[in-house]
Every structure is written in structure tokens, then in C-alpha cells.
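A structural walkthrough
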Amino acid sequence: MNEQEFLDIQNSLREKIDLTDSFRTEDIKTVAGIDLAYWEKDGQEYAVCCIVVIDYRTHEVIEKKQSYGKIEVPYIAGFLAFRELPLILETVGKLDTKPDLFMFDGNGILHPRNMGIATHASFYLKKACIGVAKSYYRVRKGLDYSEPDSLAGSFTDISCDGKIYGRVLRTHTGVKPVFVSAGNFISLDTATSITMELTGKESHIPIPTRLADLETHTARNTIYNL
């Protein structure tokens, strides 16, 4: 596929995004964190996708799964999902648990066409998805953000032309914020609340994506040396 075909797919899916809650928070039992790590070997690019499923109430790990393989789609800014979706869906297919919610180390509608990985993947996962990024992705020229207050739970919204793209959220007092955006089938307010609920004392990154990130580093080192 080429860039124009990628663009057509994104624009088509964009019209189907639903940023209303498709569930009740009290019904959430399990949440899956998803992350990928890349490396090159012998001139070929590879990636590993790791998914960690936790209990929403106790935060205990229920299940871990991973998949790795060659990456055939070149990097094109704004079209990351087309590189990552095959491994993500392969790994989801290995899960014994059926997560109620997916959390991505990346963006949802905080994207030039509102089609970050958390949004794009939602159409295949058919579950509510949240994007929680560690760094800011500028979706419009000159669209910067304001730092929230230093207290945990403080936030500022990233908006342009009357539309809110995401939220700069301080999950721990006095530490750098994360960037939360709704993926699909969920509102930004609920995504923010869940992100705070799933952030432990160990890190300002939510537990599901933090654990998935740690798993990708371990898996990458192991696979690279096979």
C-alpha cells in the first residue's frame, strides 16, 4: 500500500470515531497495556509487541503475551499504525483474557487526522482504547501546550479551533506530565480518570503501559541475541 491509500483509510475511519463512553467504569475488570520496541539487525527492521493485562481493581498482573517479526512498512510520520497493527493484532490473538479496555503507549485522537494508534487499533479490537504518550506530538503547526499545575491530577487541555485533541496530565506531584487522549468508545474525562486510577507510586506512567514498556525492553534484548 502507498501513502495515499493509508490516508484514505484514516479519513474513512475518522468519520466513525465515537468519543462517548461505551461502558460503565464499575464494570471494568481487566485492562491491557500495549507497547512495541524496534531494532535493526542485518539491515532488516524488527519489532516486538508486548501486552500486559492487569486487574483493574488490584492492579495485579493477570497475563503477558508477546509477538515479534520483521517490519515491512517504512516509517511515515502520521501513519505509525500501519507498521504496528499486524503485531498488535497477532499478540491480542494470543491472549486468554478478553480485556475490557486497552491502553496504548502512544496517542489516540491527538493526531493530525485523529488517527493515532489507540484510535486506529480500536476499530479492530472493538473495545474502548486510551492513548497515553510520554512525549508531546504536535498535531498542528504552532499548537503547543500549557504546563498544568504541579499537583497530581492537574491538567490542561490541548485544543485548536474549539476542538480538544488531548490532555496534559500531571499524574504525580512535581514530575513531568503525560499526554492523554481518547482513542475510541470513551470520553476524554473518563480516559483521564482511568489513567489516574491506574498510575501507581512507582512511576508517573500508568501501570499497564509501564509494564508493557518494561517487557518490550527485556524481549528485545532476548530476541536480538537469539
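Here, the structure is the one placed above.
I will try to describe carefully the structure that is included in this document. Residue positions are counted from 1 within each chain, in the order its sequence is given. Selection of residues for local features in this predicted model requires a pLDDT of at least 70, selection of side-chain atom pairs for listing and counting requires 80 or more, and totals for whole chains, interfaces and linings are taken over all residues. Calculated side-chain values reflect all of the structure's heavy atoms, with hydrogen atoms and water omitted.

Side note on unusual backbone geometry
- With phi around 55°, lysine 126 is a residue other than glycine that occupies positive phi space.
- Structurally, the position occupied by lysine 126 is in the loop between helix H3 (117–125) and strand S5 (128–133).
- Its identity as a non-glycine residue notwithstanding, phenylalanine 185 has a phi of 60°, on the positive side.
- When you line up the elements, phenylalanine 185 lands in the loop between strand S8 (178–184) and helix H4 (188–197). Each helix is a run of H or I in the DSSP string that is no shorter than four residues. Each strand is a run of E no shorter than two, and both are numbered from the N terminus.

Description of the nonpolar core
- For our purposes a nonpolar core is just a set of buried Ala, Val, Leu, Ile, Met, Phe, Trp, Tyr and Cys residues, chained together by side-chain atoms within 4.5 Å. For every residue, the accessible area obtained with a 1.4 Å probe (protein chains only) is divided by the maximum for its type, and the residue is called buried under 20%, exposed over 50%, and partly exposed between those limits. Counting residues in hydrophobic clusters, the biggest one holds 23 residues, and the most contacted among them are Val31, Ile130, Val180, Ile186 and Ile194.
- Elements with a contribution of two residues or more to this core: strand S2 (44–55), strand S4 (101–104), S5, S8, H4 and helix H5 (207–224).
- We call two residues in contact whenever any of their non-hydrogen atoms come within 4.5 Å of each other. Those residues in contact with isoleucine 130, other than ones at most four positions away along the chain, are Leu101, Phe102, Met103, Phe104, Ala118, Val180, Ser181, Gly183, Ile186, Ala191, Ile194 and Thr195.
- Ala32, Ile88, Phe102 and Ala118 belong to the second-largest nonpolar core, a separate cluster that totals 21 residues.

Describing the state of the cysteines
- In this description, a disulfide is simply a cysteine sulfur pair whose atoms lie within 2.5 Å. In this structure the tally under the stated criterion is zero disulfides.
- Looking at cysteine 50, it has no disulfide partner, and the nearest cysteine sulfur is the one in cysteine 49, 6.6 Å off.
- Cysteine 129 forms no disulfide, and the closest cysteine sulfur to it belongs to cysteine 49, at a distance of 12 Å.

Description of the layout of surface pockets
- Two kinds of site are reported from a 1 Å grid over the protein atoms alone, namely cavities, where a 1.4 Å probe fits but cannot get out, and pockets, open sets with protein on both sides within 12 Å along at least five of seven lines, and residues are called lining when an atom falls within 4 Å of a point. Grid points are joined across faces, edges and corners, and a volume is the space filled by probe spheres set on the points. In this structure, the largest pocket spans a volume of roughly 530 Å³.
- Lining the largest pocket are 27 residues, and of these Leu80, Asp105, Gly106, Asn107 and Ile117 lie nearest its centre.
- Elements that contribute at least two residues to the lining of the largest pocket include exactly strand S1 (30–41) and helix H2 (81–92).
- Gly is placed with the polar residues, together with every amino acid not listed as nonpolar (Ala, Val, Leu, Ile, Met, Phe, Trp, Tyr, Cys and Pro) or charged (Asp, Glu, Lys and Arg). Among the residues making up the lining of the largest pocket, the classes are represented as 15 nonpolar, seven polar and five charged.

Describing the environment of isoleucine 17
- Looking at the secondary structure, you find isoleucine 17 in the loop between helix H1 (3–14) and S1.
- Each C-alpha atom of the pair isoleucine 17 and serine 122 lies 9.3 Å from the other, and the pair is 105 residues apart in sequence.
- Apart from residues lying up to four places away in sequence, isoleucine 17 is in contact with Ile109, Asn114, Met115, Thr119, Phe123, Gly183 and Asn184.

What about the pairing of S5?
- Where burial is concerned, most of S5 is hidden: six out of the six residues are buried.
- Alternating residues of S5 divide into Ala128, Ile130 and Val132 and Cys129, Gly131 and Ala133, and every residue in both groups is buried.
- Here S5 runs beside S8; their pairing, made up of five bridges, is antiparallel. In the strand pairing of S8, valine 132 is matched with valine 180. Paired strands, as defined in this entry, are two strands with at least two bridges between them according to DSSP.

Thoughts on H1
- Here, expected helix span is obtained from the residue count minus one, scaled by 1.5 Å. For H1, spanning twelve residues, the distance from its first C-alpha to its last is 16 Å, which sits close to the expected 16 Å at 1.5 Å a residue.
- In this structure, the buried side of H1 is in contact with H2 and H3.
- Two to three positions downstream of the cap, the backbone nitrogen of glutamine 4 sits 3.1 Å from a side-chain oxygen, assigning the N-cap of H1 to asparagine 2. In protein, a polar contact means a hydrogen-donor-capable atom and an acceptor-capable atom, both N or O and within 3.5 Å, with residues adjacent in sequence counting only if both atoms are side-chain atoms; elsewhere, any N or O pair within 3.5 Å suffices.

Here's the deal with H4
- Along H4, the residues classified as buried are Leu188, Thr190, Ala191, Thr192, Ile194 and Thr195.
- Those residues of H4 hidden inside the fold are in contact with S4, S5, strand S6 (155–160), strand S7 (163–169) and S8.

Some details on the packing of aromatic side chains
- Centre distance within 6.5 Å is the pairing criterion for rings of Phe, Tyr and Trp, where only the six-membered ring of Trp is used; planes under 30 degrees apart are then read as stacked, over 60 as edge-to-face, and the remainder as tilted. Applying the stated criterion to the full structure yields seven aromatic pairs.
- Arranged with centres 5.9 Å apart and planes meeting at 10°, the rings of tryptophan 39 and tyrosine 46 form a pair that is stacked. Like tyrosine 46, tryptophan 39 is buried.
- Taken together, a centroid distance of 5.1 Å and an interplanar angle of 75° make the contact between tyrosine 145 and phenylalanine 179 edge-to-face. Of this pair, tyrosine 145 sits in the loop between S5 and S6 while phenylalanine 179 sits in strand S8; the two residues are 34 residues apart in sequence, bridging distant segments of the chain.
- The exposure class assigned to tyrosine 145 is partly exposed, which follows from its relative accessible area of 30%.
- A connected cluster of aromatic rings, assembled from ring pairs, spans Phe6, Phe79 and Phe82.
- Two conditions define a charge located above a ring, namely a distance within 6 Å from the ring centre to NZ of Lys or CZ of Arg, and an angle within 35 degrees of the ring normal. Directly above the ring of tyrosine 224 sits lysine 41, whose terminal nitrogen or CZ lies 5.2 Å from the centroid.

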